[in-house]
Amino acid sequence: MAGDTISSTEYIQHHLTNWTYGKHPDGHWGFAHNAQEATEMGFWAIHVDSMFWSIFLGAFFLFLFHKAAKNMTSGVPGGFQNFIEWVVDFVNDNVRGSFTAKNDLVAPLALTIFFWVLLMNLMDLVPVDLIPRIAQEIGAAFFGADPHHVYFKVVPTTDPNITFGMALGIFILMLYYSIKIKGIGGFFGELAFQPFGKWGMPANLLLEGISLISKPVSLALRLFGNLYAGEMIFILIALLYSGGIIWGTLGGFLQLGWAIFHILIIFLQAFIFMVLTIVYLDMAHQEHH
Amino acid sequence: MNINLTLFAQLVAFVVFVIFCMKLVWPPIIAMLDERKKKIADGLAEAERGMKQQELAEQGAEKKLAEAKQQASEILGQAQKRANEIVDDAKSVAVDEGNRIKEAAHAEVEKEVNRAKEVLRSQVSTIAVAGAERILKKEINASSHQDILDDLAAQI
């Protein structure tokens, strides 16, 4: 708990606010002190906590796998190498199963997405108050910040910017490969001449356009929605801690139960994000007739 | 919950990470896995070849063993035959030798008998003449009775 002086609403609100650095409406750059200020910054703002964890975890993933790749032996693998191989094999099997064209980008892309998203999702299992509380203490102790103004969201995938950022990258790749494989005419034809033939072009464009746009949007929203909801439940359960020893104990058990169940969601969402990426890119490589 | 610059920052980070993974992480791991696959396949093929060779060797050994057994029994048979032959030979030689010795003895005996007869023959006339002289108390001309004496000697 962030303290007894704030209400439940404030507590939840606090947990859902990113640590934001951006351009204040009056023109100067700085950290937002509350949710409203962050909103007022508009587009020219960056979520420092999301980016920090995202990059930290991505770098951790690459460090781990790069280290494994350098020390690899084709003889008997150690435990660590075994784990890395297991992950790589798992991703490789999925790519082989769903991706029919030949493209050296897709498998490493899938691995990056799977493990990175998995790590980011796993941050959800860290007790909701632990890291934000530490951040508050550090902020208050070293930077003289008001603890109530220190925001620190730990799970990057509960930030739509993160999921949409990745989905946008995948969307660009989809467009790129669609045009590269089928040509601009071919890609346009795919959008314009089906399902109703060339006389139904406006309807075709509308339908296919929506279907095209919905792919990255659903990809990003699915991951965001699942993790956001999961995080929200952790926060709500954490509210029980302020209700005395009985409610607090119950809350502890609930946290544990939800965390165990949430492991499933964490893996599943990382897996789904990867598989859909592979499938979408496979569709971009397919010639329709 | 605001969409802002973070989206593009994440996009850039995403691109960088994917490129890093594609250049430095994925290829060595996959190369290693392929190498392992090849090693295992080679190992299995080698093992199979080894098994086959062993089987062949076992078959060869069995064949050789059978041959050796056959040869041994052949040699044994031959040896027995040869032994029998030798025994038979020895027997016949011994029999021959015995016969020969017997014959020689017979011949010797006959010769002795003949010689005795000859001696007797040569002396018979003399003895007969001497006997007759004693009986007749007179000289008998042996030559006048030569045919009777010869006849007597021939009867012996």
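Rules used throughout
- Residues numbered from 1 in each chain as written.
- Chains lettered and ligands numbered in written order.
- Predicted model: local features only at pLDDT ≥ 70, side-chain atom pairs only at ≥ 80, totals over all residues.
- Heavy atoms only, no water.
- Helix = DSSP H or I, 4+ residues; strand = E, 2+ residues; numbered from the N terminus.
- Expected span 1.5 Å × (residues − 1).
- Bend = angle between axes of the 7 residues up to and from the residue.
- Buried < 20%, exposed > 50% of the residue type's maximum accessible area, 1.4 Å probe, protein only.
- Lys, Arg positive; Asp, Glu negative; His and termini not counted.
- Salt bridge = Lys/Arg side-chain N within 4 Å of Asp/Glu carboxyl O.
- Polar contact = N/O pair within 3.5 Å; in protein donor to acceptor, adjacent residues only side chain to side chain.
- Contact = heavy atoms within 4.5 Å.
- Buried area = accessible area lost by both parts, 1.4 Å probe.
- Pairing = 2+ DSSP bridges.
- Axes fitted to C-alpha atoms, helices over the stretch in contact; angles between N-to-C directions.

1. Focus: helix 1 (residues 6-136) of chain B
Residue and element names in this part refer to chain B. Between its first and last C-alpha atoms helix 1 spans 185 Å; for 131 residues at 1.5 Å apiece the expected length is 195 Å, and the two agree. Within helix 1, the axis deviates most sharply at C21, by approximately 40°. Once helix 1 finishes, K137 follows within two positions and takes phi at roughly 50°, a positive value.

2. Here's the deal with the side chain of D129 of chain A
Turning to its location among the elements, D129 of chain A is positioned in the loop between helix 5 (106-122) and helix 6 (130-143). Here D129 of chain A is buried and forms no salt bridge, its nearest opposite-charge partner R133 of chain A lying at an N-O distance of 7.2 Å.

3. Side note on the side chain of H285 of chain A
Residues and elements named next belong to chain A. For H285, the position within the fold is in helix 9 (residues 244-285). Accessibility expressed as a relative area gives 9% for H285, which makes it buried. Among the polar contacts made by the side chain of H285, one reaches the main-chain carbonyl oxygen of L281 at a distance of 2.7 Å.

4. A short note on the interface of chain B and chain A
In this assembly, 30 residues from chain B lie in contact with 56 residues from chain A. For the chain B and chain A pair, buried surface summed over both sides reaches about 3,700 Å², with 75% attributable to carbon and sulfur atoms. With a shortest N-O distance of 2.7 Å, R36 of chain B and E85 of chain A are connected by a salt bridge.

5. Side note on the sheet that holds strand 2 (residues 29-31) of chain A
Residues and elements named next belong to chain A. Spatially, the 3 strands line up as an open sheet ordered 2-1-3, and their pairing is antiparallel. If you trace the sheet from one side to the other, it starts and ends with strand 2 and strand 3 (45-47), each paired once. The sheet shows a mean angle of 15° between the axes of neighbouring strands, taken without regard to direction. Where strand 1 (residues 20-23) lies against strand 2, 3 bridges are found, and the strand directions are antiparallel.

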